[in-house]
Amino acid sequence: EVQLVESGGGLVQAGGSLRLSCAVSGFTFDDYAIGWFRQAPGKEREGVSCISSSDGRTYYANSVKGRFTISSDNAKNTVYLQMNSLKPEDTAVYYCAAGSFFSFAANDDAMDYWGKGALVTVSS
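Residues numbered from 1 in each chain as written. Predicted model: local features only at pLDDT ≥ 70, side-chain atom pairs only at ≥ 80, totals over all residues. Heavy atoms only, no water.

K.L.:
For the pairing of strand S7 (residues 68–73), give the residues involved together with the corresponding values.
P.N.:
In this structure, S7 lies alongside strand S8 (residues 78–83), joined through six bridges in antiparallel fashion. By the bridge assignment, Ser71 is partnered in S8 with Tyr80. (Pairing = 2+ DSSP bridges. Helix = DSSP H or I, 4+ residues; strand = E, 2+ residues; numbered from the N terminus.)

K.L.:
Give me the lowdown on the state of the cysteines, citing residues and values where you can.
P.N.:
In the structure shown here, the tally under the stated rule is one disulfide. One disulfide bridge connects Cys22 with Cys96, the sulfur atoms lying 1.9 Å from each other. Disulfide Cys22-Cys96: torsion about the S-S bond near -85 degrees, hence left-handed. Residue Cys22 is found in strand S3 (residues 18–25), and its partner Cys96 is found in strand S9 (residues 92–99); the two are separated by 74 residues along the sequence. (Disulfide = S-S within 2.5 Å.)

K.L.:
Describe the packing of aromatic side chains, with residues and values.
P.N.:
The full count for this structure, using the stated rule, is seven aromatic pairs. When the ring of Phe37 is compared with that of Trp114, the centres are 5.3 Å apart and the planes differ by 55 degrees; the resulting orientation is tilted. Linking Phe37 in strand S4 (residues 33–39) with Trp114 in strand S10 (residues 113–114), this pair joins segments that are 77 residues apart in sequence. Classification of Phe37 by relative accessible area gives buried; the value is 0%. Look at Trp114 and you get partly exposed, because its relative accessible area is 28%. Seen in terms of ring centroids, Tyr95 and Trp114 are 6.4 Å apart; in terms of plane orientation they differ by 85 degrees. Their pairing is edge-to-face. (Phe/Tyr/Trp six-rings, centres within 6.5 Å; stacked < 30°, edge-to-face > 60°. Buried < 20%, exposed > 50% of the residue type's maximum accessible area, 1.4 Å probe, protein only.)

K.L.:
How would you explain unusual backbone geometry if you had to name every residue and give the values?
P.N.:
For Ser85, which is not glycine, the phi dihedral falls at a positive 50 degrees. Checked against the element boundaries, Ser85 lands in the loop between S8 and S9. Of note, the phi angle at Asn107 is positive, near 60 degrees, even though the residue is not glycine. Position of Asn107 among the secondary structure elements: in the loop between helix H1 (101–105) and S10.

In structure tokens, the structure reads:
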């Protein structure tokens, strides 16, 4: 059974930090780029960041560059998203996903697998 389980969401003040984790199972970790999309109320889903665990390539949306850092622990089949200098506009449900690196970069949400989402709320 394929599972992507997110953890680490919550409420934080503007300027604070959170770390999201995505633990995956049921498929070969190295065969996919894994990362996050986010969706804020009333807005379209946005590709935030991803990492290709096979070669370490990373992608970041312009809105999070310099503030978010993605990493992976291949031994644990887990991907992390360290989010610093959080802003109220980062408030959204963050969904872990596995799919094509190029789909993440093109903001194409045609992913192969999805997690259930983790809510991140940044207060001003």
